[in-house]
Each structure stands twice: as structure tokens, then as C-alpha cells.
Amino acid sequence: MRPLLSLAARMSLCVALPAWAAFAAAESVTPWTQEPTDFLGIDLQGNFLEQVEECPTDSVRPTTLCRVTTAQPNQFEVRGLPYLPISPGYSLIASITDGKVNELVFSGNANSLYLVTEMLTDRFGEPGVQQSHWIKMSSGASYLAEVMSWKGENVAINFQRQESDLGRYAVTISPLSNTPAASTAEASTEVVEPQVSNL
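Note that the structure is a prediction, hence the values are computed from the model and not measured.

Caption draft 1: Spotlight on the overall build of the protein. Scanning the protein from terminus to terminus reveals 4 helices and 11 strands. Burial statistics for the protein: of 199 residues in total, 31% are counted as buried. Contacts in the protein between residues far apart in sequence, at least 24 positions, make up 45% of those at least 6 positions apart. In the structure as shown, the protein presents an accessible area of about 13,500 Å², 56% of it carried by carbon and sulfur atoms.

Laid out in C-alpha cells, this is it:
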């Protein structure tokens, strides 16, 4: 009886391994063909301070991109954004280090969530990952929040309702090569060749 069970276990592994390999192949990452190099006219790899000038001090609404410093260091509000087919009132905040963009956060009113979803999928394609999770408010009410994510070789994008304010959404664009964590990780993965004596 024991040899028969052993044979059955081996046979089930033979059947399961090809099925698992096929599943793993299906889960492999496909190249992101619509990975952006810019967002709303801001070059994600360029020098932000050189490409986006300071906004004029007069009260005229800017017609081209310009920046205004915020209360946070190395963070700027970008004004003069182009027209987008979503509800008005959207804004863009840029966080920078050494002149380069670490993160862009595009946010606005969540009543245009569907239109923002359409705009993002038109521009970037279908998200690589789409997840849902429940958010419980202090009032006791629960909301189902959906998170859409894209990740390529140079850029990662996340889109969701802001958990701190469900009335607003946030699209976070992160150039992977510009983030401090990426440069630290790259530095830590350097291979040190051992010195071999020729004696």
C-alpha cells in the first residue's frame, strides 16, 4: 500500500509542476509599452528646476507650467496645467531632490474618479495590478477602495482614493531612477571583486 501512495504522490507532482510552471509564466511581467517619459509636460528624468520656471508674482493665471514653493522643503505646486477632460480643481505637487523629480502627486475631486480612470488607461494602458481593499472610517462606515498600479523600467504609477480624505483621489508618479531609495539600493548591490593573490 505504501509504494502505491508514494507512486501517487510522485505522479501528482508531475502533473502539478507543469501546471504551476504555466501559471508562473502567465504571471511573468510583460513590458509596459505605454510607459511615460513625462507627465503633463514635465520630463520625469530632466531637471525640474530648469524646465519649470517660477510663477510670476502677479495674480494673472499662468498659461504655461510654472512652480510655486510650498511649506514643505523641496516641494512645489505646479500651476498652469493643461486642460484635462475631468472635473476642474485638480492640482499637481512635485517633490524633488537635487533638481530631479522624486514624485509627482496629481490629485483632485473623487467625483471624477471614473473620468480619471479612463484618462489614465487611455494614456498608460491597462494597469499591471488592480486591487481592492476595505477602508473603515472613524464614523464606522466602510468603503471599498480600488488601487491601480503600473510599473515599468523607469516609472511607477499608483492611482487610488486618498485614504485620509475619501473625497479626493491621488495619482502618484515615481521615476524609479530618481528616488533616493533606488540610488541606495543600486549602491548596495555593487559587487566587490575579491583580490586574488598571484603568488
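Caption draft 2: Quick look at unusual backbone geometry. Unusually for a residue other than glycine, Asn74 sits at a positive phi of about 60°. Relative to the assigned elements, Asn74 resides in the loop between β4 (66-69) and β5 (75-79). One non-glycine residue, Asp98, adopts positive backbone phi at about 55°. Relative to the elements of secondary structure, Asp98 occurs in the loop between β6 (91-97) and β7 (100-109).

Caption draft 3: Looking closely at the nonpolar core. Core analysis: the biggest nonpolar cluster contains 31 residues, and Phe39, Phe48, Leu92, Leu104, Phe106 and Val171 have the highest contact counts within it. Of all the secondary structure elements, the ones that give two or more residues to this core are β5, β6, β7, α3 (113-124), β9 (142-151), β10 (155-162) and β11 (165-175).

Caption draft 4: Examining α3 more closely. A rise of 1.5 Å per residue sets the reference length of α3, with its 12 residues, at 16 Å; its end C-alpha atoms lie 16 Å apart and thus fit the reference within 8%. Turning to α3, its buried residues are Val116, Met119, Leu120, Thr121 and Phe124. In this structure, the buried residues of α3 make contact with β1 (38-39), β7, β9, β10 and β11. Once α3 finishes, Gly125 follows within two positions and takes phi at roughly 85°, a positive value.

Caption draft 5: Spatial organisation of the state of the cysteines. One pass over the structure, following the stated rule, counts 1 disulfide. In this model, Cys55 is linked to Cys66 through a disulfide, with the two sulfur atoms separated by 2.0 Å. Here the disulfide of Cys55 and Cys66 is right-handed, its torsion about the S-S bond being about 85°. Placement of the pair is Cys55 in the loop between β3 (53-54) and β4 and Cys66 in strand β4, with a sequence separation of 11 residues. For Cys66, a relative accessible area of 5% translates into the label buried.

Caption draft 6: Main features of the pattern of salt bridges. Under the definition given, this model contains 2 salt bridges. A salt bridge links Asp38 to Arg123; its shortest N-O distance comes to 3.8 Å. On the criterion of sequence distance, the pair formed by Asp38 in strand β1 and Arg123 in helix α3 is long-range, its members being 85 residues apart. A relative accessible area of 28% places Asp38 in the partly exposed class. Accessibility expressed as a relative area gives 34% for Arg123, which makes it partly exposed.

Caption draft 7: Focus on the environment of Pro36. Note that Pro36 resides in the loop between α1 (2-27) and β1. The class of Pro36 is buried, set by a relative accessible area of 9%. Sequence-wise, Pro36 and Ile157 are 121 residues apart; in three dimensions their C-alpha atoms are separated by 9.9 Å.

Caption draft 8: Looking closely at the side chain of Ser112. In this structure, Ser112 sits in the loop between β7 and α3. For Ser112, the contacting residues outside a window of four places in its chain are Ile86, Ser87 and Tyr169.

Caption draft 9: The arrangement of the sheet that holds β3 in detail. Taken in spatial order, the 9 strands of this open sheet run β3-β4-β5-β6-β7-β11-β10-β9-β8, and their pairing is mixed. The sheet is open, and its two edges are formed by β3 and β8 (129-136), each paired on a single side. Each of β7, β9, β10 and β11 touches α3; the most contacted strand, β10, lies at about 170° to it.

Caption draft 10: Representation of the pairing of β4. Where β3 meets β4, 2 bridges bridge the pair, whose relative direction is parallel. When the sheet's bridge partners are listed, Glu54 is paired in β4 with Arg67. As paired elements, β4 and β5 share 4 bridges and run antiparallel to each other. Bridge pairing in β5 links Arg67 to Val78. Between β4 and β5, which follow one another and run antiparallel, lie 5 residues, and Asn74 among them has a positive phi close to 60°.

Thresholds, definitions, all that
- Residues numbered from 1 in each chain as written.
- Predicted model: local features only at pLDDT ≥ 70, side-chain atom pairs only at ≥ 80, totals over all residues.
- Heavy atoms only, no water.
- Helix = DSSP H or I, 4+ residues; strand = E, 2+ residues; numbered from the N terminus.
- Buried < 20%, exposed > 50% of the residue type's maximum accessible area, 1.4 Å probe, protein only.
- Contact = heavy atoms within 4.5 Å.
- Areas by Shrake-Rupley, 256 points an atom, 1.4 Å probe, with all protein chains shown as cover.
- Core = buried A, V, L, I, M, F, W, Y, C linked by side-chain atoms within 4.5 Å.
- Expected span 1.5 Å × (residues − 1).
- Disulfide = S-S within 2.5 Å.
- Salt bridge = Lys/Arg side-chain N within 4 Å of Asp/Glu carboxyl O.
- Pairing = 2+ DSSP bridges.
- Axes fitted to C-alpha atoms, helices over the stretch in contact; angles between N-to-C directions.

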